[in-house]
Structure formats: structure tokens, C-alpha cells
Amino acid sequence: MTCRDFLDFLLDYESGDLTEAERKIFDAHLAECPACVSYLKTYRQTIVLSKAAFCDQQPLPADVPEELVQAILAVRSGRTEQSG
Amino acid sequence: VTKSMVAPLDADEASLVRALQSGEAEAFASLVRTHAARLLTVARRFLGSEEDARDALQDTFVAAFKSIGGFEGKSRLYTWLYRILINVCLARLRTKQRRREGLIDDVLPRFLADGHQAHPAQDWSDPPDAPAQRRETRELIRQAIDQLPEDYRTVLLLRDIEELDTNEAARVLEVTAGVVKTRLHRARQALRTILDPHFRGGSL
């Protein structure tokens, strides 16, 4: 197995989609390739970082001003009047 | 999809659905007030601009009001609204043609003829959760995600940020599960490449 193979099939390795035999081949490559160990580690960190990047974007009721709520509801009543 | 998103309707929600289906104005106001803030947060992630996000929110509720008659209670109301919103956001992104065909190849790993990494990966110095606690770091990562070509950015948002599973993401995007997997992997690899110079050697 080459680094190219390892990186190409990394998602399957991470998702547990490999057979036991395939997994052993991946692990054997990891045991002898520090660059792929680092790649795997930083690939995982990338996922953690991207999740964390949005953690401060919590919904606040104040984000939805009353005008917006009314505008949304007005579309509905407008539609009802037209159809009824 | 988390467990809470597929749980059956509780009594309060079931009675709200009945009120919506019989056209009670109060019920529509309650639906909007309960879910708008959470949905708006999601719309901002996909669309970036506040104006677009608000338009998408409005389109979502308008679509929901039209189709509430057909709501069968197989999912929570939020889940149902959420799916409508994702579709509205994706449709808006398609019309904008936002870097749809960007060059992802430039930020994918490169290899030597013998299959070794051309630029061998090195560890990043900080633990991943420490830098992410800083506001400027979160901003840096969000900007990096924004640099991804649209098809890849969308999959990354759906799978890693919104945490849809592969099949759900495939259904929303109308592509196969295999396409979702390939794009997710490339998106993560590209993001890793973009972030690498920032995290290598403890610059953050």
C-alpha cells in the first residue's frame, strides 16, 4: 500500500467501512509511515475544527426581528385573502 | 439525523399541527416564533449574507404554509421545516452559481511517482479544541470552508456541521451516496490543505 492508496481510502477507514483484512493493511502502512500518521491526525483535527468553527453561532430569538415574523405571516394572510 | 429529530410528535406538537391544518392564524404565528431563530442560523451558514438568509427563511415558511395540509407527522415539525429550508438554500445557491466549478485539485494532496506524499504531512502543534476557542481562529476556519468550491462546501456543511448522515445528504442533494462520500472526503482534504500552513509549527 502507498500513501496515495491510504489517503484515497481514508474516509472508508474512518467510517469503519473496511473489512478486517483491509483494515490490517491500512494499519500496517500506518506502522511504517509517519507522514500518513500525521495526515490521519490532522484530517481528524480538520473535522473537529470545522465543527467548532460554528459553535458560537447559537440561535437567538432576537435574531428574528418582529418585522420579519410579521412579514412572513403577512405572506400567508395575503395568500388566504387572494384565494378566499 | 439525531434521535430527537425523528422522534414521534408529542401531544403539544400534534395539537399544533391540527391547528395549522385547520388554518388557525395563531398557530402559524406560533410555528414561526418557535422555529425561526434556529432555521435562520442554518440559513446563514449556507448563504452567508443576512439578507439572503432572511429571504430563505421567508421562502421556507411560505412553502411550509402551502404544504402543511400534507404533513403526516412522520417527523418533528422542526425536521420537516429544516428539510424545506435546506432545499430552499440549495436552490438559491444554484441560481447564484457560486464557484460551482471551482478548482479543488489545487488543494488536494499531491503524490510522487512512487505513491509517497509529495509534501509529507506533519503534526499540527495545538490540540484542535484549544485554537477553536479563539474567535479569530473560528473566523479563519469559516473563511477556509468558504473557499471550497460550492459542491464540496455544501456537502461538508451538511455532513460535518449539520450532521446529516450520508443517505440523508444524498437525498437532499439528489446525488448518490457514493458522490456524497467522495465530495466529503475531498472537501475535508482540501480544507486540511488550506488550514495546514496556519496550524503547522504552532503559529496559532
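Note that the coordinates shown come from a computational prediction; the quantities given were computed from them, not determined experimentally.

The rules behind each value
- Residues numbered from 1 in each chain as written.
- Chains lettered and ligands numbered in written order.
- Predicted model: local features only at pLDDT ≥ 70, side-chain atom pairs only at ≥ 80, totals over all residues.
- Heavy atoms only, no water.
- Helix = DSSP H or I, 4+ residues; strand = E, 2+ residues; numbered from the N terminus.
- Rg over C-alpha atoms; globule rule 2.2 N^0.38 Å.
- Buried < 20%, exposed > 50% of the residue type's maximum accessible area, 1.4 Å probe, protein only.
- Contact = heavy atoms within 4.5 Å.
- Areas by Shrake-Rupley, 256 points an atom, 1.4 Å probe, with all protein chains shown as cover.
- Lys, Arg positive; Asp, Glu negative; His and termini not counted.
- Charge placed at Lys NZ, Arg CZ, Asp CG, Glu CD.
- Arc of directions from axis to C-beta.
- Salt bridge = Lys/Arg side-chain N within 4 Å of Asp/Glu carboxyl O.
- Phe/Tyr/Trp six-rings, centres within 6.5 Å; stacked < 30°, edge-to-face > 60°.
- Buried area = accessible area lost by both parts, 1.4 Å probe.
- Polar contact = N/O pair within 3.5 Å; in protein donor to acceptor, adjacent residues only side chain to side chain.
- Nonpolar A, V, L, I, M, F, W, Y, C, P; charged D, E, K, R; others polar.

Along its length, chain A carries five helices and zero strands. Beginning at the N terminus, the succession of helices and strands in chain A can be written as α-α-α-α-α. Taken over the C-alpha trace, chain A has a radius of gyration of 25 Å; the compact-globule value for 84 residues is 12 Å, which it surpasses by more than 25%. If one aligns the C-alpha atoms of chain A with their principal axes, the spans along those axes are about 70 × 30 × 20 Å. Taken over 84 residues, chain A has a buried fraction of 40%. If you take every contact in chain A between residues at least 6 apart in sequence, the share linking residues at least 24 apart comes to 58%. In the form shown here, chain A has an accessible surface area of approximately 4600 Å², with 55% of it arising from carbon and sulfur atoms. Each charge sign in chain A was given a centre, from 8 positive and 14 negative side chains, and these centres are 3 Å apart.

Residues and elements named next belong to chain B. Every buried residue belonging to helix H2 (residues 11-21) is among Glu-13, Leu-16, Val-17, Ala-19 and Leu-20, and all of these are buried. All buried residues of H2 lie within an arc of 160° about the axis, which places them on one face of the element. Turned more than 90 degrees off the buried face of H2, the exposed positions are Ala-11 and Arg-18. Once H2 finishes, Gly-23 follows within two positions and takes phi at roughly 80°, a positive value.

The next subject is the pattern of salt bridges. Taken as a whole and judged by the stated rule, the model has 20 salt bridges over all chains. Residues Arg44(A) and Glu14(A) are paired through a salt bridge, measuring 2.9 Å at the closest nitrogen-oxygen approach. Of this pair, Arg44(A) sits in helix H4 (residues 34-52) while Glu14(A) sits in helix H2 (residues 10-15), and the two are 30 residues apart along the sequence. Residue Glu14(A) is classed as partly exposed on the basis of its relative accessible area of 29%. Between Lys51(A) and Glu163(B) there is a salt bridge, and its shortest N-O distance comes to 3.2 Å. Taken together, the residues span two chains, with Lys51(A) in helix H4 and Glu163(B) in the loop between helix H8 (150-161) and helix H9 (166-173).

All names here are of chain B. By the definition in use, this model includes nine aromatic pairs over all chains. Geometrically, the ring pair formed by Phe-28 and Phe-65 is edge-to-face, given 4.9 Å between the ring centres and 85° between the ring planes. With a gap of 37 residues between them, Phe-28 in helix H3 (residues 25-47) and Phe-65 in helix H4 (residues 50-67) connect regions that are remote in the sequence. The buried category is assigned to Phe-28, whose relative accessible area is 4%.

The next subject is the interface of chain A and chain B. Each side of the interface is counted separately: chain A has 45 residues, and chain B has 52 residues. Taking both partners together, chain A and chain B bury about 4500 Å²; carbon and sulfur atoms supply 66% of that area. Across the chain A-chain B interface, the total number found is four salt bridges. Note that Lys181(B) is salt-bridged to Asp17(A), the shortest N-O span being 3.3 Å. Joining chain A to chain B, the criterion identifies 17 residue pairs in polar contact (both at pLDDT 80 or more). Split into classes, the residues belonging to the side of chain A that touches chain B amount to 26 nonpolar, nine polar and 10 charged.

Keep in mind these numbers describe shape, not what the thing actually does.
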